[in-house]
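Take a look at the letters that make up each chain.
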Amino acid sequence: MKSVLVLLATLSLSSAFAAPNEDLTLPGERWMSKFTAYVCDDGNTQTQSIPADFAALNVQLATATTDYSLDNLLIKGTFSEEGSVCKYSALVFADNAAKTATLVDSRAYAVEGTSACATGKTFLDASLKFNNYKYLHGRAAIYVPASDAAAQCGAGATTVGLHFQVTGKIQQ
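Now for a quick tour of the structure. Since we're looking at a predicted model, the values are computed, not measured.

**With respect to the nonpolar core**
- Formed by 29 residues in total, the largest nonpolar core has its most connected members in Val 59, Ile 75, Phe 79 and Leu 162.
- For this core, the secondary-structure elements that each account for two or more residues are β1 (29-39), β2 (60-67), β3 (72-81), β4 (84-95), β5 (100-112), α3 (118-128), β7 (139-145) and β8 (159-169).
- With five residues, the single largest contributor to this core is β4.
- What Val 59 contacts, discounting residues up to four positions off in sequence, is Tyr 38, Phe 54, Thr 78, Phe 79, Phe 123 and Leu 124.

Rendered as structure tokens:
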């Protein structure tokens, strides 16, 4: 709980000073990972295709970085909306004991075009709001709702994993 309170205080301060057309930052970034695939519950089997909800917005997840604790995660990517390319960044708290990931803060803005990026931000925020996650020895997957999860991963599936592979330590 102490870790959550420290994260919230730090994020409140860093968000208060960041410009609205800049990505969020994670103080003390230590480890870099890249998005590799959408996966099913086992963390290894890739989905048949990009989940429909993500494909509709042309969501392109790029990276996730963590601080030394591995509890605080910064996810970055892009999506398309109203003819604009929008950048998205989200700060997520990963509770290792509970194996859950909770959205703490996010930001979206147009880098090309004039969209307010509100629809895509709302979708991604809802997707990352509160989910299960698995750490898989240098890989991690956050399991988010997907309307076509059963078609992607089999009967009964309601989520797909956003799979990130650690690429190394961030050089400071």
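Structure's up, so let's keep going.
**With respect to the pattern of salt bridges**
- Under the counting rule described, the total for this entry stands at three salt bridges.
- Lys 87 is the salt-bridge partner of Asp 23, the closest N and O atoms lying 3.4 Å from each other. One end of the pair, Asp 23, is in the loop between α1 (2-17) and β1; the other, Lys 87, is in strand β4, and 64 residues separate them in sequence.
- One salt bridge connects Asp 41 with Lys 134, and the closest N-O pair in it is separated by 3.6 Å. Placement of the pair is Asp 41 in the loop between β1 and α2 (52-56) and Lys 134 in strand β6 (residues 130-135), with a sequence separation of 93 residues.
- For Lys 134, a relative accessible area of 27% puts it in the partly exposed group.

**Considerations on the sheet that holds β8**
- Taken in spatial order, the eight strands close into a barrel running β1-β2-β3-β4-β5-β6-β7-β8, and their pairing is antiparallel. Strand after strand, the sheet turns through a mean of 30° between neighbouring axes, direction not considered.
- With eight bridges connecting them, β1 and β8 associate as antiparallel partners. Residue pairing for β8: Ala 37 is matched across the bridge by His 163.
- Along the sheet, α3 contacts β3, β4, β5, β6, β7 and β8; its crossing angle with β5, the most-contacted strand, is approximately 165°.

**Observations regarding the environment of Ser 89**
- As for its position among the elements, Ser 89 is in strand β4.
- Within the structure, Ser 89 has its side chain in polar contact with the backbone nitrogen of Leu 24 (distance 2.8 Å).

Analysis parameters
- Residues numbered from 1 in each chain as written.
- Predicted model: local features only at pLDDT ≥ 70, side-chain atom pairs only at ≥ 80, totals over all residues.
- Heavy atoms only, no water.
- Core = buried A, V, L, I, M, F, W, Y, C linked by side-chain atoms within 4.5 Å.
- Buried < 20%, exposed > 50% of the residue type's maximum accessible area, 1.4 Å probe, protein only.
- Helix = DSSP H or I, 4+ residues; strand = E, 2+ residues; numbered from the N terminus.
- Contact = heavy atoms within 4.5 Å.
- Salt bridge = Lys/Arg side-chain N within 4 Å of Asp/Glu carboxyl O.
- Pairing = 2+ DSSP bridges.
- Axes fitted to C-alpha atoms, helices over the stretch in contact; angles between N-to-C directions.
- Polar contact = N/O pair within 3.5 Å; in protein donor to acceptor, adjacent residues only side chain to side chain.

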